[in-house]
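Observations on the three-dimensional arrangement
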Amino acid sequence: MTDTTPPGSDRVVLMNPGPVMTDARVRAALAGPDLCHREPEFSDLLTRVRHKTTLAAGGDARHTSVILTGSGTSAVEAAVSSAVPADGGLLVVDNGHYGERFQHIADAHGIRTHRLELGWGTAVDPSAVAAALAADPGLTHVGLVHHETSSGMLNDAAALTRIAHEHGRELILDAVSSVGAERLSLAEDGVDWLAGSANKCLEGAPGLAFVSASRAAFEGLAAAPRRSYYLDLHRHYTAQEKAVAPAFTPGIPAYYAFEAALDLALAEGREARHARYTALALHLRAGLADLGLDLLLPPAHRAAALTAVRLPRDTAFGELHRALRTRGFVVYGAQEQLAPDWFRLSTMGRMTTEDVDRFLAALAGLLHDDRTGRG
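Definitions and cut-offs
Residues numbered from 1 in each chain as written. Predicted model: local features only at pLDDT ≥ 70, side-chain atom pairs only at ≥ 80, totals over all residues. Heavy atoms only, no water. Pairing = 2+ DSSP bridges. Helix = DSSP H or I, 4+ residues; strand = E, 2+ residues; numbered from the N terminus. Contact = heavy atoms within 4.5 Å. Axes fitted to C-alpha atoms, helices over the stretch in contact; angles between N-to-C directions. Buried < 20%, exposed > 50% of the residue type's maximum accessible area, 1.4 Å probe, protein only. Polar contact = N/O pair within 3.5 Å; in protein donor to acceptor, adjacent residues only side chain to side chain. Salt bridge = Lys/Arg side-chain N within 4 Å of Asp/Glu carboxyl O. Phe/Tyr/Trp six-rings, centres within 6.5 Å; stacked < 30°, edge-to-face > 60°. Expected span 1.5 Å × (residues − 1).

1. Focus on the sheet that holds strand 14 (residues 342–346)
Read across the sheet, three strands follow the order 11-14-13 without closing on themselves; strand pairing throughout is antiparallel. Of all the strands in the sheet, just strand 11 (306–310) and strand 13 (332–333) have a single pairing partner and so form its edges. Strands in contact with helix 11 (residues 270–290) are strand 11 and strand 14; relative to strand 11, the strand with the most contacts, it is inclined by about 10°.

2. Quick look at helix 9 (residues 233–243)
Taken residue by residue, helix 9 has Leu 233, His 234, His 236, Tyr 237, Ala 239 and Gln 240 as its buried positions. Taking the backbone nitrogen of His 234 as reference, a side-chain oxygen 3.1 Å away marks Asp 232 as the first, capping residue of helix 9. One or two positions beyond helix 9, positive phi appears at Val 244, with a value near 50°.

3. What about the pairing of strand 3 (residues 89–94)?
In terms of burial, strand 3 is a largely internal element, six of the six residues being buried. A two-sided burial pattern is seen for strand 3, the buried positions comprising Gly 89, Leu 91 and Val 93 on one face and Leu 90, Val 92 and Asp 94 on the other. The sheet contact formed by strand 3 and strand 4 (residues 112–117) spans six bridges and is parallel. Residue pairing across strands places Leu 91 opposite His 114, the latter belonging to strand 4. As judged from the three bridges shared by strand 3 and strand 5 (residues 141–145), these two strands associate in the parallel manner. Within strand 5, the residue paired with Leu 90 across the bridge is His 141.

4. Re the pattern of salt bridges
For the coordinates displayed, the defined rule picks out 21 salt bridges. With its nearest N and O atoms 3.1 Å apart, the salt bridge here joins Asp 355 to Arg 11. Of this pair, Asp 355 sits in helix 13 (residues 353–372) while Arg 11 is found in the segment before strand 1 (13–14), placing the two residues 344 residues apart along the sequence. A salt bridge links Arg 115 to Asp 94; its shortest N-O distance comes to 2.8 Å. Taken together, the residues Arg 115 in strand 4 and Asp 94 in strand 3 connect sequence positions 21 residues apart. On the accessibility criterion, Arg 115 (29% relative accessible area) is partly exposed. Using a relative accessible area of 3% as the deciding quantity, one classes Asp 94 as buried.

5. Here's the deal with the packing of aromatic side chains
Enumeration over the complete set of coordinates arrives at seven aromatic pairs. Aromatic pair Phe 210 and Phe 258: ring centres 6.2 Å apart, planes at 20°, arrangement stacked. Taken together, the residues span a long stretch of sequence, with Phe 210 in strand 10 (residues 208–214) and Phe 258 in helix 10 (residues 252–268) at a distance of 48 residues. Relative accessible area serves as the criterion here: at 0%, Phe 210 is assigned to the buried category. Of the residues examined, Phe 258 reaches a relative accessible area of 1% and is grouped as buried. Site record: aromatic cluster; members linked through ring pairs are Trp 193, Phe 218 and Tyr 237.

6. A short note on the side chain of Asn 155
Tracing the backbone shows Asn 155 in the loop between strand 7 (153–154) and helix 6 (157–166). Polar side-chain contacts of Asn 155 include one of 2.9 Å to the side chain of Asn 95. Polar contacts involving the side chain of Asn 155 include one to the main-chain carbonyl oxygen of Val 145, which spans 2.8 Å. If sequence neighbours within four positions are ignored, Asn 155 has contacts with Asn 95, Val 124, Leu 144, Val 145, His 146 and Glu 148.

7. Comments concerning unusual backbone geometry
Between Gly 18 and the following residue, Pro 19, the backbone shows a cis peptide bond with an omega angle of -5°. Tracing the backbone shows Pro 19 in the loop between strand 1 and helix 1 (24–29). Look at Val 244: it is not a glycine, yet its phi comes out positive at around 50°. Note on placement: Val 244 falls in the loop between helix 9 and helix 10. Owing to a relative accessible area of 28%, Val 244 belongs among the partly exposed residues under this scheme. Positive phi, close to 60°, is recorded for Asp 314, a residue that is not glycine. Note that Asp 314 resides in the loop between strand 11 and helix 12 (317–325).

8. Let's talk about helix 3 (residues 72–83)
Taking 1.5 Å of rise per residue, twelve residues should cover 16 Å, and helix 3 covers 17 Å from first to last C-alpha, within 8% of that figure. When you tally the buried positions in helix 3, you get ten out of twelve residues, the bulk of the element. Those residues of helix 3 not exposed but buried are Gly 72, Ser 74, Ala 75, Val 76, Ala 78, Ala 79, Val 80, Ser 81, Ser 82 and Ala 83.

As C-alpha cells, then:
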C-alpha cells in the first residue's frame, strides 16, 4: 500500500476537502485508452466499479450502487428527488451549510419539508428528530449530512437511522465527505440511501458520484415521481443494472481512476483507512494546539478528515492563504457565518505525516514573523 509519489519539498499539499491528492496509480489510470461507452469493455468496467463502490460503502449482496457523472451534490440531489414519493416529505436535519443544502434541493423539486435548524456546529439531539417525526406522519424521509464539512462536525448516522426506522421512515445520508474515512456501513448501519463522491476520502479523481442502496429500494423507484430527467435514479439504475450500460455519456477517464482508487481502498480496508485518517488529524490538531490556535468543535464531535481552526489574530484568510500557497500548501476558507473568524484544514487524500509536519513548520514560521513584526 505504498504510494509511488515521493513527498518531496516541492510537493503541493492540498488541505482543501476535495478534490484530494491522489496516489500516482490513480493519476496514471486517467490515461487509460479511449473507449466507447456502448462497448462491452465499458460494460465490464461499469460493473466492476459499481460492485467495488458498494463494498467500499459497506454493502453486501442485498445492495448495489448507481454511478453518476457529476459532483457529490448530484448524488444527493438524485437521492432526494428520486426517493421521496409524491405525497411524502423530508425532515431536514440542518446543523451546517450542507444540511441547509438538503432544504434547497427539496425546494427546487417542490418537496415538502420540515427543517430542524439546529445551528452550525451544534450536535444533533436524537430526541428532537424523533419528536419531529412523531409530530408529522407525512414526513417519509430524513435528510442527514454525515460529515458536515462546513464545521468538521460528525453526525451520528447509525443512531439517526435507527430513529428513522423506529418511526417507519427512510434515511437519506449525505456521505460525500465521510465514506471511505468514517465508520460507516450500509449493511451494519442500515442506511437506506447513501450519496457519495469519488474524489474525497475514497481518493479518486473528480467527476464521479454515486448512490448506494438496497436493490429492493432501487427497484421500488419504478413507482416514484420523475422530478428530474438526468438525475432520475431509476433511469440510471435500469440502464446500469438491466442494460449494463450508462444512461448517458459518462466520464470514462474518471471511471478508470475510480477503479484504481477503489482497489487501493479495499486493499487497505475501511478500518485501517479510518485509523490512518484519524491519526493524521490528531497529529495536525496537536500541532495546532501547540501553536496556540483554537479548534472549533469538542473532540468527540470532530470528523476524521477535517479540522476547523480559528484564524490567527489580525490575520485575514486571504492573506493566510496566499502566504501558505507560496510555501506549497492550499488551505480552505470557512463558509458563510464562520468565514470571518475560521478556516479549514483537510487531511483527506494521500497526505503524509511529513506533509503535516512541514505545514506546521510553515505556519509556525508565519506566526513567528507576525509576532516579531517581520514580514
